[in-house]
Amino acid sequence: MPNLFKVAKFGGTSMADAAAMRRCAAIVLSDPDKKIIVVSATAGTTNLLTELVSDSSTDQRVAIAEQIRDKHLAICNDLEEPENIQEKVEELLDELKAIASRKQIMTGMLRDEIFSFGERLSSTIFAQVLREESGSEVIWLDARNVIVTDSNFGSAEPLPEQIAFKSDEFVQPKLNSGRIVTQGFIGSNRQGVTTTLGRGGSDYSAALFAEAADADVLEIWTDVTAIYTTDPRIVPGAKPITEISFDEAAELSVFGAKVLHPATMIPAIRKNIKVYVGSSMKPDEPGTWIVKETKNNPVIRAISLRRNQTLLTVRSLEMLHQYGFLAKLFSVLSEHKISVDLVTTSEVSVALTLDSDINTPGKQKLTDEVLEKLRSFCEVEIDRNLSLIALIGNNLDATAGLSGPVFGALEDVNVRLICHGASSHNLCFLVSENESEEVVNILHNKFIKE
Ligand code: ADP
Ligand code: ASP
Ligand code: MG
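Owing to the predicted nature of the structure, the values given are computational and were not obtained by experimental measurement.

J.: Can you help me understand the overall build of the protein in this one?
T.: Each helix and strand in the protein was counted, giving 13 helices and 16 strands. A globule of 450 residues ought to have a C-alpha radius of gyration of about 22 Å, and the protein, at 23 Å, matches this closely. With the principal axes as the frame, the protein shows a C-alpha extent of 70 × 55 × 40 Å. Contacts in the protein between residues at least 24 apart in sequence constitute 76% of all its contacts with a sequence separation of at least 6. Surface exposure of the protein reaches about 19900 Å², of which carbon and sulfur atoms provide 48%. In the protein, the 45 positive side-chain charges and the 63 negative ones have mean positions that sit 1 Å from each other.

In structure tokens form, the structure reads like this:
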């Protein structure tokens with residue numbers, strides 16, 4: 001059988017310190033097929049950079065840059081031959097500090113430039129760890145030469161055709177010379193200006209690299225041994241899933257399971273690339289295979305929770321026996337780049353859900369301007385602090401008698417909006433944020449726990 005070609009991605013906790021990096025290096029070296037390695041920033045660094053970009057005082061920004069310096073130099077100190085990368089790491093740290101000390105307006109473009117230091121630092125250090133552990137050639141690749149995106153700073157959209165073209169130029173010729181270590185999360189627009197794919201975007205980057213380089217397998221090494229039936233932090237009794245389909249995994253991530261960035265499955269589905277999820281701390285424990293078709297297809301396989309949801313309800317008598325109202329509503333939302341997730345309509349009202357991620361740069365919010373435009377033709381009501389819960393599985397739209405037991409189990413809970421039937425892979429609804437974890441526990445106990 002010909003060798004497979006694998007892309008392996010290691011997340012932030014897997015890059016936490018030199019010991020964690022060595023564990024990841026051992027995983028890479030256990031398999032000659034792992035040729036492209038995509039890494040996240042070291043644990044907590046993107047959070048620190050987020051603080052840095054939101055802090056207005058220069059002193060505070062510099063203090064955070066110093067904290068990042070100490071943290072990375074400490075990891076370098078634990079290497080066998082830090083001198084190989086010391087200069088490059090110091091240069092990156094100096095550059096970050098220089099940017100932090102400058103008085104300037106924090107634009108989306110500047111934020112992404114600052115975010116990029118996290119992954120540029122971790123990948124430089126990890127490449128050295130891999131060199132030390134393997135004694136062979138390791139190539140550091142700047143992901144910004146390959147991951148071409150639009151200019152939507154903060155949550156840039158990758159351009160797959162351009163990426164394939166750049167991969168042929170920058171990745172393919174190097175594949176025979178050694179393993180490639182590169183960064184997740186970051187890219188650049190067509191003008192070469194740094195962009196980012198949004199928080200948690202390294203999974204998506206790895207899938208894009210796998211797609212462009214024609215990989216057979218994408219491996220996501222993280223801090224849980226597998227994809228679980230629900231977030232094990234919420235339900236400690238959640239069970240690892242051995243196999244899940246592309247469609248289910250896509251829905252699970254879109255509906256909030258942080259274990260995969262919501263867009264990860266898009267390139268994998270386009271190119272039919274199998275995805276494996278495993279733990280870099282316990283690599284021998286069985287992980288999850290995400291494949292096109294699974295052997296068993298339960299009606300409810302998993303439950304996901306997406307926090308920070310806003311419910312927007314608009315009412316207008318204009319809707320009665322008239323046409324054009326929905327078009328008008330959605331044109332206002334699209335004009336302001338507001339992305340709508342769920343929609344339900346009645347004769348005179350429409351309810352929509354939106355992410356209330358007001359702190360994420362690049363994501364639009366319900367500004368006064370938007371509300372004013374909407375209020376010029378309808379009544380508007382806004383409810384915040386909600387969570388979206390989704391049951392993920394198969395044939396949910398065609399399974400008789402499902403909603404009775406689901407909502408029966410939640411009779412004391414105020415369920416705000418239900419979407420059932422639009423997809424065969426999910427049934428989802430809104431509940432208030434403070435009841436959401438309890439609801440996940442109730443449903444997990446009733447439908448998944450054996
Ligand atoms: P990384 O830094 O490796 O990308 P993340 O923190 O982004 O890791 O994702 C892993 C986390 O995802 C886990 O620690 C877990 O709390 C969370 N998670 C949410 N839903 C699930 C799920 N269904 N299965 C496994 N982990 C989940
Ligand atoms: N470092 C980025 C983040 O923390 C990307 C990632 O880890 O996937 O969001
Ligand atoms: Mg992640």
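J.: Where do I start with helix α5 (residues 108-134) in this structure?
T.: Relative to the 39 Å expected for 27 residues at 1.5 Å per residue, α5 spans 39 Å between its end C-alpha atoms, a close match to the ideal helical length. Across the 27 residues of α5, 20 count as buried, placing the element largely inside the fold. Positive backbone phi, at 65°, marks Gly135, one or two positions downstream of α5.

J.: Even after reading the chapter, I still don't get the nonpolar core, so can you show me in this structure?
T.: Here is a general trend for soluble globular proteins: nonpolar side chains tend to be buried in one another's company. If you look at the biggest cluster of nonpolar residues, it comprises 101 residues, and the most contacted ones within it are Phe10, Ile37, Ile114, Phe126, Leu218, Met265 and Ile290. Sort the elements by how many residues they give to this core and α5 lands first, with 10 residues. With sequence-adjacent residues up to four places away left out, Ile114 is seen in contact with Leu49, Leu52, Val53, Leu96, Ile99 and Met106. Counting 23 residues, the second-largest nonpolar core is a separate cluster that includes Ile300, Ile303, Val406 and Leu427.

J.: What is the right way to look at the sheet that holds strand β10 (residues 288-291) in this model?
T.: In a beta sheet, neighbouring strands pair by backbone hydrogen bonds and run either parallel or antiparallel. Spatial ordering of the open sheet is given by β3-β4-β2-β1-β7-β9-β10-β8, a layout of 8 strands whose pairing is mixed. Taken across any chain shown, the strands that pair with only one partner, and hence form the sheet edges, are β3 (138-140) and β8 (243-245). Geometrically, the sheet is characterised by an average inter-axis angle of 20° between neighbouring strands, direction not taken into account. Pairing between β3 and strand β4 (residues 179-183): 3 bridges, direction parallel. Its bridge partner lying in β4, Trp140 is registered against Val181. Contacts from α5 reach β2 (34-39), β3 and β4, with the element oriented near 160° to β4. Helix α8 (residues 246-254) rests against β8 and β10 of the sheet, and its axis sits at about 85° to β8.

J.: Hey, could you run me through the site of ligand 1 in this one?
T.: Neighbouring ligand 1 are 16 residues, the closest being Thr222, Asp223, Tyr228, Asp231 and Arg233. Between ligand 1 and Lys258 there is a distance of 2.9 Å, counted from an oxygen atom to a side-chain nitrogen or oxygen. In the complex, 91% of the free accessible area of ligand 1, which totals 580 Å², lies under the protein chains. Looking at the shell around ligand 1, its residues break down into 7 nonpolar, 4 polar and 5 charged.

J.: Sorry if this is basic, but what is going on with the site of ligand 2 here?
T.: Neighbouring ligand 2 are the residues Ser40, Ala41, Thr46, Glu119, Phe185, Arg199, Gly200, Gly201 and Ser202. Ser40 places a side-chain nitrogen or oxygen 3.1 Å from an oxygen atom of ligand 2. Interatomic distance of 3.0 Å between a backbone N/O atom of Ser202 and an oxygen atom of ligand 2. With the chains in place, 87% of the 260 Å² that ligand 2 exposes on its own is no longer accessible. By residue class, the composition of the shell around ligand 2 is 2 nonpolar, 5 polar and 2 charged.

J.: What should I look at first to understand the sheet that holds strand β13 (residues 349-355) in this one?
T.: The 6 strands lie next to each other as β12-β13-β11-β14-β16-β15, forming an open sheet whose pairing is antiparallel. At either margin of the open sheet sits one strand with a lone partner, and together these are β12 (343-345) and β15 (417-420). In this sheet, neighbouring strand axes are inclined to one another by 25° on average, regardless of whether the strands run parallel or antiparallel. When strand β11 (residues 302-315) meets strand β14 (residues 379-392), the two strands line up antiparallel, connected through 11 bridges. Bridge pairing in β14 links Arg315 to Glu379. Taken strand by strand, helix α13 (residues 433-447) contacts β11, β14 and β16 (426-432), and its axis lies near 135° from that of β11.

Rules behind the numbers
- Within every chain, residues take consecutive numbers counted from 1 along the sequence as written.
- Naming scheme: in the order in which they are written, chains are lettered from A and ligands are numbered from 1.
- Totals for whole chains, interfaces and linings use all residues, but because this is a predicted model, local features are given only for residues with pLDDT of at least 70 and pairs of side-chain atoms are given and counted only at 80 or more.
- Hydrogens are left out, water is left out, and the side-chain values use all remaining heavy atoms of the structure.
- Runs of E in the DSSP output that reach at least two residues are strands. Runs of H or I that reach at least four are helices, and both are numbered from the N terminus.
- We compute the radius of gyration over the C-alpha atoms and compare it with the globule rule, which gives 2.2 Å times the number of residues raised to the power 0.38.
- A contact between two residues is defined here by any heavy atoms of the two lying within 4.5 Å.
- For the area figures, the Shrake-Rupley method with a 1.4 Å probe applies, and any residue is considered shielded solely by the protein chains shown.
- In this tally Asp and Glu are treated as negative and Lys and Arg as positive; neither His nor the chain ends contributes.
- We put the charge of a Lys on NZ, of an Arg on CZ, of an Asp on CG and of a Glu on CD.
- By definition here, a helix of n residues has an expected span of 1.5 Å times n minus one.
- Between buried and exposed lies partly exposed: a residue is buried under 20% and exposed over 50% of the maximum accessible area for its type, with that area taken using a 1.4 Å probe on protein chains only.
- We define the nonpolar core as a collection of buried residues of types Ala, Val, Leu, Ile, Met, Phe, Trp, Tyr and Cys that are connected through side-chain atoms lying within 4.5 Å of one another.
- For two strands to count as paired, DSSP must find a minimum of two bridges between them.
- Only the stretch in contact is used when fitting a helix axis, every axis being a line fitted to C-alpha atoms; angles between N-to-C directions are given from 0 to 180 degrees.
- The cutoff for a nearby residue is simple: one of its non-hydrogen atoms must lie within 4 Å of the molecule or strand.
- We call two N or O atoms a polar contact when they sit within 3.5 Å, provided that within protein one can donate a hydrogen and the other can accept it, with sequence-adjacent residues counted only if both atoms are side-chain atoms.
- Here the nonpolar group is Ala, Val, Leu, Ile, Met, Phe, Trp, Tyr, Cys and Pro; Asp, Glu, Lys and Arg are the charged ones; every other residue, Gly included, is treated as polar.

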